[in-house]
Amino acid sequence: MTNRQKKILLGVTGGIAAYKSCELARLLVQAGASVRTVLTEAATRFVTPMTFQALTGNPARTRLFDEDHEAAMGHIELVRWADQVIVAPATADFLARLAQGRANDLLTTLCLATGAPVTVAPAMNHRMWQHPATRRNLALLEEMGVRCIGPDEGDQACGESGPGRMSEPGEIAALLLGEGELFKGRNVMVTAGPTREALDPVRYLSNRSSGRMGFALAEAFHGQGARVTLVTGPVSLATPPGIERIDVESAQEMRDAVFERIGEQDLFVGCAAVADYRPEDSSPHKIKKSSDILKLRLLRNPDILAEVAALDDGPWTVGFAAETTDLERHARQKLEGKGVDMIAANRVGRGLGFEVEENALEVFWKTGQQTLPQQDKGVLARELVALIAEVMGKVNH
Ligand code: C5P
């Protein structure tokens, strides 16, 4: 299922963390999901239904008996509509009512009536969280199959500190959108970051790639069950959990690392900004200042992606193309020229592409194309992974 097909019912209960649910709604919508919101009476003291209506494009509901809304989408229809339920924040009182199977407001009624998986993101004072009553309720909920995310530890709105902060909206969104089995049991290799082409022991030629997109993709594939090998140039990013990382510097080192393991891969995603050229000679000593002009002769580097795509019996291949002009023409040329199965093209410049948190992609394959609009690179990566799975599935069957 792509994010665009996801229907998420967001329940908001009455805690100060409710302000973070606005961001959660925004992230889910931005990722393409349809979101409908239900607020408890207490939640409306912190945030308004109007906020969620504006963010999700759907009316937010607060009451069980509401003729206007029942006429539009009745609460049972709402239950049938949702394929996931997330309650964020979930207060101690809400958890208690859910654990007891109460149906004394719209949200608990929906949670009781739904067949969809229910996730709660608790948020409360740390003493309330640690109270035996809350612990018991949590144990009951877990027994019923309710999934719990968080809470995090740290400073609390009440001025105290401890476990009870609602998980960050980005983390909750990742859990709701990113997990699945689209690549279960598959081997996926992703290249990321820039390469460095040495001029001498202290200088090199490189580019502005931060590696974020490649790392986000590695994480997204892992979230879909893949065994991921991440071959990366020099970046200052932490390795996402569960991913095997191989660090390299130059394009030639990257090529060697890729080819050592390429035979095992089902899918190769070339996200690295590989330097097209390297200095013909890398001086063993630091180059001294001498004449006014220093000429560099550069040699073409191997095109790793094209070489992988040319393998007999090689993996499915996805390349990236960073373009400033004529996006579609250049991307389609690369698709043909490199013989890859898919090209994800991004416009660089004007705050997009390199060294930034957000990106947008225009994705091309032989028989189709799709736009993935500007959004957080983590969310975008999960969208792209879902799209790759969809296109690979169509081509291979
Ligand atoms: O031709 P261009 O550099 O624009 O193509 C970009 C795509 O090719 C990216 O997927 C990049 O990872 C890959 N590439 C490569 N080896 C090179 C140059 C680019 O794998 N030497």
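Note that the coordinates shown come from a computational prediction; the quantities given were computed from them, not determined experimentally. (Residues numbered from 1 in each chain as written. Predicted model: local features only at pLDDT ≥ 70, side-chain atom pairs only at ≥ 80, totals over all residues. Heavy atoms only, no water.)

S.K.: It is not clear to me how unusual backbone geometry should be interpreted in this structure. Could you clarify?
M.R.: Negative phi is the rule for most residues except glycine; trans is the rule for most peptide bonds. Put simply, Ala-88 and Pro-89 share a cis peptide bond, and its omega is -5 degrees. A cis amide bond links Gly-150 with the next residue in sequence, Pro-151, at an omega value of 0 degrees. On the secondary structure map, Pro-151 appears in the loop between strand E5 (147-148) and strand E6 (152-155). Even without a glycine there, the phi angle at Asp-313 is positive, about 65 degrees. Following the sequence through the fold, Asp-313 ends up in the loop between helix H12 (304-309) and strand E16 (316-323). Owing to a relative accessible area of 83%, Asp-313 belongs among the exposed residues under this scheme. Here Asp-326, not a glycine, exhibits a phi torsion of approximately 50 degrees, which is positive. Looking at the secondary structure, you find Asp-326 in the loop between E16 and helix H13 (327-337). What makes Asp-326 partly exposed here is its relative accessible area of 42%. (Helix = DSSP H or I, 4+ residues; strand = E, 2+ residues; numbered from the N terminus. Buried < 20%, exposed > 50% of the residue type's maximum accessible area, 1.4 Å probe, protein only.)

S.K.: Would you explain the domain arrangement of the protein in this entry?
M.R.: Where interface size is given, it is often the accessible area lost as the parts come together that is meant. Assigned domains within the protein: domain 1 (3-177) and domain 2 (187-396). Placing a centre on the C-alpha atoms of domain 1 and another on those of domain 2 gives a separation of 38 Å. Surface buried jointly by domain 1 and domain 2 totals about 720 Å² across both partners, of which 39% is contributed by carbon and sulfur atoms. At the boundary of domain 1 with domain 2, the tally comes to 0 salt bridges. Scanning the region where domain 1 abuts domain 2 turns up 0 residue pairs in polar contact (both at pLDDT 80 or more). Ranked by the residues each element gives to the side of domain 1 that touches domain 2, the list is headed by helix H9 (residues 169-178), at 3 residues. For the side of domain 1 that touches domain 2, the per-class residue count stands at 4 nonpolar, 2 polar and 1 charged. (Domains from an automatic or database assignment. Buried area = accessible area lost by both parts, 1.4 Å probe. Salt bridge = Lys/Arg side-chain N within 4 Å of Asp/Glu carboxyl O. Polar contact = N/O pair within 3.5 Å; in protein donor to acceptor, adjacent residues only side chain to side chain. Nonpolar A, V, L, I, M, F, W, Y, C, P; charged D, E, K, R; others polar.)

S.K.: Which parts of the structure should I look at to understand the site of the ligand?
M.R.: As a structural note, the neighbourhood of the ligand is formed by Gly-270, Ala-272, Val-274, Asp-276, Pro-302, Asp-303, Ile-304, Leu-305, Gly-319, Phe-320, Lys-334 and Lys-338. Contact between the ligand and Leu-305: an oxygen atom at 2.8 Å from a main-chain N or O atom of the residue. For the ligand, whose free accessible area comes to 440 Å², the fraction covered by protein is 86%. Contributing elements (two or more residues each) for the shell around the ligand: H12 and E16. Of the residues belonging to the shell around the ligand, the class tally is 6 nonpolar, 2 polar and 4 charged. (Near = heavy atom within 4 Å. Areas by Shrake-Rupley, 256 points an atom, 1.4 Å probe, with all protein chains shown as cover.)

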